[in-house]
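Coordinates in review
One letter stands for each residue in the lines below.
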Amino acid sequence: VIRSQEVAEYQAAWQDLRVTYDTNKLVPQHLVTYVDDSGNKLYECWVDQGSTPPNPIETGAIPTPTKASTAQYHYTFQEWNEIESAVLTARTVTAVFSSTVRQYTVRWYAAQGGTLLDEQVVDYGTDAIYSKDTPSNAEQEAMFIYNVFKGWDKSTGYVRGDIDVYPVWETATL
């Protein structure tokens with residue numbers, strides 16, 4: 001038994017060599033190319049016709065494919081598509097990734113370097129809503145200067161990353 005790729009390799013290595021073989025014992029082979037979901041080649045191998053392609057991660061030929069996280073999603077390698085069926089022609093096998101929505105932490109503080117008032121972990125693109133007591137600032141009341149809570153220094157609608165939020169004060173005097 002000789003495989004078609006072996007014949008091709010012999011002929012490429014020794015052009016003046018004449019390889020003879022029984023064509024009834026020739027095993028046709030087809031190129032299987034493994035790519036990531038962007039089409040970048042990760043690995044390729046020749047597979048006997050009628051066989052299923054090997055999993056190159058399990059054979060140690062390549063490490064588990066990765067895909068860079070985005071602000072919205074984290075990706076995890078799930079499987080190869082087209083790896084379970086017999087190879088009858090050349091084939092491209094693509095890495096399939098699952099995605100999970102990334103989560104971010106929103107923290108509300110009483111002041112810069114001050115006490116943490118609330119903390120929420122929310123999914124990308126969702127709103128974080130402060131639900132505790134309205135912050136107060138009585139530091140200057142002895143001098144008849146009153147700090148009235150005006151709002152927060154950052155929006156917590158459609159969260160796209162970790163956020164530290166601080167109160168904004170409006171000063172009122174008597």
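The text that follows walks through the structure, step by step, so that each part is easy to find. (Residues numbered from 1 in each chain as written. Predicted model: local features only at pLDDT ≥ 70, side-chain atom pairs only at ≥ 80, totals over all residues. Heavy atoms only, no water.)

Once that is clear, we can look at the overall build of the chain. What the chain contains, in helices and strands, is one helix and 11 strands. Computed over the C-alpha atoms, the radius of gyration of the chain is 32 Å, more than 25% above the 16 Å expected from 2.2 N^0.38 for a compact globule of 174 residues. Dimensions of the chain, computed from the C-alpha atoms along their principal axes, are close to 105 × 30 × 20 Å. Burial analysis of the chain (174 residues in total) assigns 29% to the buried set. Residue pairs at least 24 apart in sequence account for 45% of intrachain contacts in the chain once pairs closer than 6 positions are excluded. Accessible area for the chain stands at about 11,400 Å²; split by element, carbon and sulfur atoms hold 47% of it. With 12 positive and 23 negative side-chain charges, the chain shows a spacing of 5 Å between the two charge centroids. (Helix = DSSP H or I, 4+ residues; strand = E, 2+ residues; numbered from the N terminus. Rg over C-alpha atoms; globule rule 2.2 N^0.38 Å. Buried < 20%, exposed > 50% of the residue type's maximum accessible area, 1.4 Å probe, protein only. Contact = heavy atoms within 4.5 Å. Areas by Shrake-Rupley, 256 points an atom, 1.4 Å probe, with all protein chains shown as cover. Lys, Arg positive; Asp, Glu negative; His and termini not counted. Charge placed at Lys NZ, Arg CZ, Asp CG, Glu CD.)

Let's shift gears to the pairing of strand β3 (residues 29–35). Counting buried residues in β3 gives six out of seven residues, a clear majority hidden from the surface. Pairing between β3 and strand β4 (residues 41–48): seven bridges, direction antiparallel. Residue pairing across strands places Thr 33 opposite Glu 44, the latter belonging to β4. Pairing analysis gives four bridges linking β3 to strand β6 (residues 91–101), with the strands arranged parallel. (Pairing = 2+ DSSP bridges.)

In this model, Phe 144 sits at a positive phi of 60 degrees, which is unusual for a non-glycine residue. Among the structural elements, Phe 144 can be located in the loop between β8 (116–123) and β9 (145–152). The class for Phe 144 is exposed, based on a relative accessible area of 51%. Phi angles above zero are rare outside glycine, and Tyr 158 is one such case at about 50 degrees. Relative to the helices and strands, Tyr 158 is located in the loop between β9 and β10 (163–165).

Throughout the structure, instances matching the rule amount to 12 aromatic pairs. An angle of 55 degrees between the planes, with centres 5.5 Å apart, marks the rings of Trp 108 and Tyr 130 as tilted. One end of the pair, Trp 108, is in strand β7 (residues 103–109); the other, Tyr 130, is in the loop between β8 and β9, with 22 residues separating them in the sequence. What links up through ring pairs into an aromatic cluster is the set Tyr 34, Tyr 43, Phe 77, Trp 80 and Phe 97. Of note, Lys 67 hangs over the ring of Tyr 75, and the distance from its end group to the ring centre comes to 4.1 Å. (Phe/Tyr/Trp six-rings, centres within 6.5 Å; stacked < 30°, edge-to-face > 60°. Lys NZ or Arg CZ within 6 Å of the ring centre and 35° of its normal.)

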